[in-house]
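In case you want the letters, here they are:
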Amino acid sequence: MSMAMVGLVAGMALGFAGYFGGFGAFVVVAALGAIGFVAGRFADGDWEAGDFFRTRTGDRDDRRR
């Protein structure tokens, strides 16, 4: 499935949630969609947990001086 089709489906889901459920349902659907997107990226292997939790190195501190 292309990314355009995924975007279309996500937009339609948010539109239906906003129309029938109001703003609260829109926010819930958007948040669950974002969580599902992140989980899918982890499952596909595109992202790893280490990408978000790296230790800091001394290089950053040296640039401040």
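This write-up is about the structure you can find in this document. (Residues numbered from 1 in each chain as written. Predicted model: local features only at pLDDT ≥ 70, side-chain atom pairs only at ≥ 80, totals over all residues. Heavy atoms only, no water.)

### Description of the overall build of the protein chain
To keep things clear, this is the line we draw: Strands are runs of DSSP state E lasting at least 2 residues, helices are runs of H or I lasting at least 4, and numbering of each runs from the N terminus. Using a 1.4 Å probe on the protein chains alone, a residue whose accessible area is under 20% of its type maximum counts as buried, one over 50% counts as exposed, and one in between counts as partly exposed. The protein chains shown are the only cover counted for residues, whose accessible areas, like all others here, come from Shrake-Rupley with a 1.4 Å probe.
For the protein chain, the count of helices and strands is two helices and zero strands. A total of 65 residues make up the protein chain; the buried ones form 2% of that total. Of the roughly 5600 Å² that the protein chain leaves accessible, carbon and sulfur atoms contribute 65%.

### Some words on a nonpolar patch on the surface
Going by this rule: Within the patch definition used here, like charges are joined within 9 Å and nonpolar side chains (Val, Leu, Ile, Met, Phe, Trp, Tyr) within 5 Å, considering only residues with over 30% relative accessible area and no salt bridge. Should a side-chain nitrogen of Lys or Arg be within 4 Å of a carboxyl oxygen of Asp or Glu, the pair is scored as a salt bridge.
A cluster of nonpolar residues, M1, M3, M5, V6, L8, V9, M12, F16, Y19 and F20, forms a patch on the protein surface that exposes about 1200 Å² of accessible area. As for its position among the elements, M1 is in the segment before α1 (3-44). On the basis of relative accessible area, M1 is assigned to the exposed category, the value being 80%.

### Points about the environment of F42
For the record, the criterion: By definition, residues are in contact when any of their heavy atoms lie within 4.5 Å.
By the secondary structure assignment, F42 is in helix α1. Leave out the neighbours within four places in its chain, and F42 touches W47, E48, A49 and F52.

### Brief notes about the packing of aromatic side chains
Quick reminder of the rule: Pairing of aromatic rings covers Phe, Tyr and the six-membered ring of Trp, with a centre-to-centre limit of 6.5 Å; geometry is then stacked below 30 degrees between planes, edge-to-face above 60, and tilted otherwise.
Summed over all chains, the structure comprises three aromatic pairs. When the centroid spacing of 4.9 Å and the interplanar angle of 85° are considered together, the rings of Y19 and F20 count as edge-to-face. Where F23 meets F26, the ring centres are 6.2 Å apart and the plane angle is 25°; that geometry is what we call stacked. Highlighted residues: F23 and F26, both in helix α1, separated by three residues, approximately one helical turn. Classification of F26 by relative accessible area gives partly exposed; the value is 33%. The rings of F16, Y19 and F20 are connected pair by pair, giving a single aromatic cluster.

By themselves these figures say nothing about function.
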